[in-house]
Number of protein chains: 2
Amino acid sequence: MDKLRALKYFVNLANTLNFSTTAEHFGVPSSSVSRRIKDLEAELSATLFERTTRTVQLTDLGKVYLLEVSTALQSIEMADELVGAQSKSPTGMLRITAMPAYGERFVLPALEKLRGLYNNIDFDVNLTDQVINLASNDADIAIRSASTLPDNVVARRLCDHQFVLVASPEYVSNNGAPKTSTDLTDRAVFMYRTQHGTLDWLTSREGVWQPLKLNPKFVSNYGQSILDNVLAGRGLALLPNWGVAQDIKADRLLVLELEDGPLSTRGNNSLGMYLLYHPPKFRLQKIRVAVDFLVAELGDGP
Amino acid sequence: MDKLRALKYFVNLANTLNFSTTAEHFGVPSSSVSRRIKDLEAELSATLFERTTRTVQLTDLGKVYLLEVSTALQSIEMADELVGAQSKSPTGMLRITAMPAYGERFVLPALEKLRGLYNNIDFDVNLTDQVINLASNDADIAIRSASTLPDNVVARRLCDHQFVLVASPEYVSNNGAPKTSTDLTDRAVFMYRTQHGTLDWLTSREGVWQPLKLNPKFVSNYGQSILDNVLAGRGLALLPNWGVAQDIKADRLLVLELEDGPLSTRGNNSLGMYLLYHPPKFRLQKIRVAVDFLVAELGDGP
DNA sequence: ATTTACTATTGTCTTTTAGACAACAGTGCT
DNA sequence: AGCACTGTTGTCTAAAAGACAATAGTAAAT
């Protein structure tokens, strides 16, 4: 049985409650509709319509089935429209905001690929640590690490986001690895500057996150420069996992674990990176393709 | 083309990236998978996989398509499971809370019908005006008029919910209809009692909702008794639209419009009635059937 | 560079299934 | 009780998916 066909018949019939009308709508004989519905009912071993030759009525089960199935069919149609070349391609300005380091490294390349797929979408990219308000329409899509999520916003997880303490293998062989957080005070550390000042390294003492007193060798608001210094073996830094994953895999960096627990830059050390959007906007083609594409491109798993 | 079949092949192939494995999974020759995917691509006029005889890779467009389509397929499968008689029918206790008047009048009868469909679901119904916390697991489903929605809860609209000023035709012909809200002070009015006292009638004065000073003839926390009094022509009441819709249609009640704007019992006169649930619970069969059924049964629109 | 092993694709036949069309049957209305 | 309408069933035809064998293309190993 061509079930998709049958389901389309079903949804239409549930609205018209008239086999002939539905048959005409699809340009097939009413006997076909009758048989397909019958097939469906047989497959489910359930009655979807209560019918006499004069009246057709949805059963309660049919109502439940309709509700579930009709949205699914719409999704498939929408998917075809998004991907199908015959449809007019999505058009318009897409305003997207992301955290600078992540944005530069991952979002911008992804957007270049997206531009290749749908070349009628224009981009307005705003890389900032500021929290942009989606509901008030300052951006269509936001990508950021989420601690608390605002209301009325859908969040789709992209990847883990936590800070890890790293150093180069040369640094460790020359200077040894720090054992505890107190070992860090006389180390050369590289720190990140935000709009609100140097980003403190926090350590958890009896459940409370407290800043460490450190004397940074170098502070920058440009993440790559911190990474470059660490790669050159000049010291330690607390960097986001997605920023150092490649270098760790290639053994250019080592992850250092402290005996007295992990460090963090917030009162929480297992955050995620999320893509956020405002649900009503998901109806717009440009938003829909962008969200789907970015989740597929930047997401790392289920 | 049996598109649903093709889509299932597609989703599986997107995971395995291997035609033979996918073919084996469905128990068909790999040539069938190859042809179906080709059909799909032809229909979309798009390339979903980049393939040589040795490697198969999802294209960027394919990733977008996968994301849209796979959830739709899951929905259809889930729908079949819910409705199909061959599956074990949903079982367990369903805890549901609703506002008393609406609950008694609409929710309970709907639950009786639901019990007829799935007789292994047991019900624990709590009719109260208190706001039950879904997140802390005091109920599975809540039905109430929503002004502000709590976080992490999905709301599905059931119907309008606003208060309308009503009187019987006899009352109006004997006493005339009130013209403005000030006309109400010397009228016989019937009011609703909540846990927090008599439910004031509010009127909007220059954008601010203010309570009217009225001398109610009768106050009750049992909505039906108020309605009975109004039907008997003894006075006016401010009652929810869904509670008086039948009587209005049958000309047993008249809706009275005031010249100085509508009345309300909250600082807002166009609320809705919503069904609320906590998304993680939607995976449970009993929750899913109940939500779908209640929305289909009690909902009044698209 | 050449061979090898593996895997997608293509060709052809068979089986399954949807559709067309006509005849039939049940139902609500006059 | 008869009429008009509509869903169902029977039979045939057309289309499409599956089976199976053969082919062609490619990445890796020698």
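Please refer to the structure higher up on the page.
What you see is a predicted model, and the numbers here were worked out from it, not measured in a lab.

The rules we used
- Residues numbered from 1 in each chain as written.
- Chains lettered and ligands numbered in written order.
- Predicted model: local features only at pLDDT ≥ 70, side-chain atom pairs only at ≥ 80, totals over all residues.
- Heavy atoms only, no water.
- Helix = DSSP H or I, 4+ residues; strand = E, 2+ residues; numbered from the N terminus.
- Rg over C-alpha atoms; globule rule 2.2 N^0.38 Å.
- Buried < 20%, exposed > 50% of the residue type's maximum accessible area, 1.4 Å probe, protein only.
- Contact = heavy atoms within 4.5 Å.
- Areas by Shrake-Rupley, 256 points an atom, 1.4 Å probe, with all protein chains shown as cover.
- Near = heavy atom within 4 Å.
- Polar contact = N/O pair within 3.5 Å; in protein donor to acceptor, adjacent residues only side chain to side chain.
- Nonpolar A, V, L, I, M, F, W, Y, C, P; charged D, E, K, R; others polar.
- Salt bridge = Lys/Arg side-chain N within 4 Å of Asp/Glu carboxyl O.
- Buried area = accessible area lost by both parts, 1.4 Å probe.
- Least-squares fit on C-alpha atoms with pLDDT ≥ 70 in both.
- Patch = residues over 30% accessible without salt bridge, like charges linked within 9 Å, V, L, I, M, F, W, Y side chains within 5 Å.

Undergrad: Which residues make up the overall build of chain A, and what are the values?
TA: A tally of regular secondary structure across chain A gives nine helices and 16 strands. Taking 19 Å as the expected radius of gyration for a compact globule of 302 residues, we find that chain A reaches 27 Å, considerably beyond that expectation. For chain A, the spread of C-alpha atoms along the three principal axes comes to 90 × 45 × 35 Å. With 302 residues in all, chain A has 47% of them scored as buried. Put simply, of all contacts in chain A between residues at least 6 apart along the chain, 74% involve residues at least 24 apart. About 15,000 Å² of surface is accessible on chain A, with carbon and sulfur atoms providing 48% of the total.

Undergrad: Explain the protein's contact with DNA strand C to me, and be specific about the residues and the numbers.
TA: Taken together, 27 residues are adjacent to DNA strand C, and Met1 and Pro29 of chain A together with Arg35, Lys38 and Arg51 of chain B come closest. Put simply, 68% of the atoms of DNA strand C that lie within 4 Å of the protein are in sugar or phosphate. Within the side chain of Arg5 of chain A, a nitrogen or oxygen atom sits 2.7 Å from a phosphate oxygen of DNA strand C. Here Tyr9 of chain A contributes a side-chain N or O atom positioned 3.2 Å from a phosphate oxygen of DNA strand C. Within the residue set of the surface near DNA strand C, elements represented by two or more residues are α1 (3-16) and α3 (30-44) of chain A together with α2 (19-26) and α3 (30-44) of chain B. Counted by class, the surface near DNA strand C contains six nonpolar, eleven polar and ten charged residues.

Undergrad: So what about the pattern of salt bridges? Which residues, and what values?
TA: Under the counting rule described, the total for this entry stands at 29 salt bridges over all chains. Between Glu68 of chain B and Arg288 of chain A there is a salt bridge, with its nearest N and O atoms 2.6 Å apart. Taken together, the residues span two chains, with Glu68 of chain B in helix α4 (residues 60-83) and Arg288 of chain A in helix α9 (residues 285-298). Arg288 of chain A sits in the buried class, given a relative accessible area of 10%. We note a salt bridge from Glu297 of chain A to Lys63 of chain B, for which the minimum N-O separation is 3.6 Å. With Glu297 of chain A in helix α9 and Lys63 of chain B in helix α4, this pair bridges two chains.

Undergrad: Report on the interface of chain A and chain B, specifying residues and quantitative values.
TA: With 41 residues of chain A at the contact, the number on the chain B side is 41 residues. The contact between chain A and chain B buries some 3,500 Å² in all, and 63% of this surface belongs to carbon and sulfur atoms. The largest per-residue losses of area from chain A upon contact with chain B belong to Val64, Glu68 and Val83 of chain A, which jointly make up 19% of the total buried on that side. Between the two partners, chain A and chain B, sit eight salt bridges. Between the two partners, chain A and chain B, sit eight residue pairs in polar contact (both at pLDDT 80 or more). When residues of the side of chain A that touches chain B are traced back to their parent elements, those giving at least two are α1, α3, α4 (60-83), α5 (100-117) and α9 of chain A. Sorting elements by how many residues they give to the side of chain A that touches chain B places α4 of chain A first, with 16 residues. Among the residues forming the side of chain A that touches chain B, the class breakdown is 24 nonpolar, four polar and 13 charged.

Undergrad: Describe the relation of the copies chain A and chain B, with residues and values.
TA: Once chain A is rotated about the relating axis by 179 degrees and shifted along it by 0.1 Å, it coincides with chain B to within an RMSD of 0.3 Å. What the rotation and shift describe, once combined, is the action of a two-fold rotation axis. When you check the interface residues of chain A against chain B, 100% turn up at the interface there too, and the contact is symmetric in its surfaces.

Undergrad: Quick one: what's the story with a nonpolar patch on the surface, residue by residue and with numbers?
TA: Taken together, the side chains of Leu108, Val125 and Leu127 of chain A define a hydrophobic patch exposed on the protein surface, amounting to about 180 Å² of accessible area. Relative to the assigned elements, Leu108 of chain A resides in helix α5.

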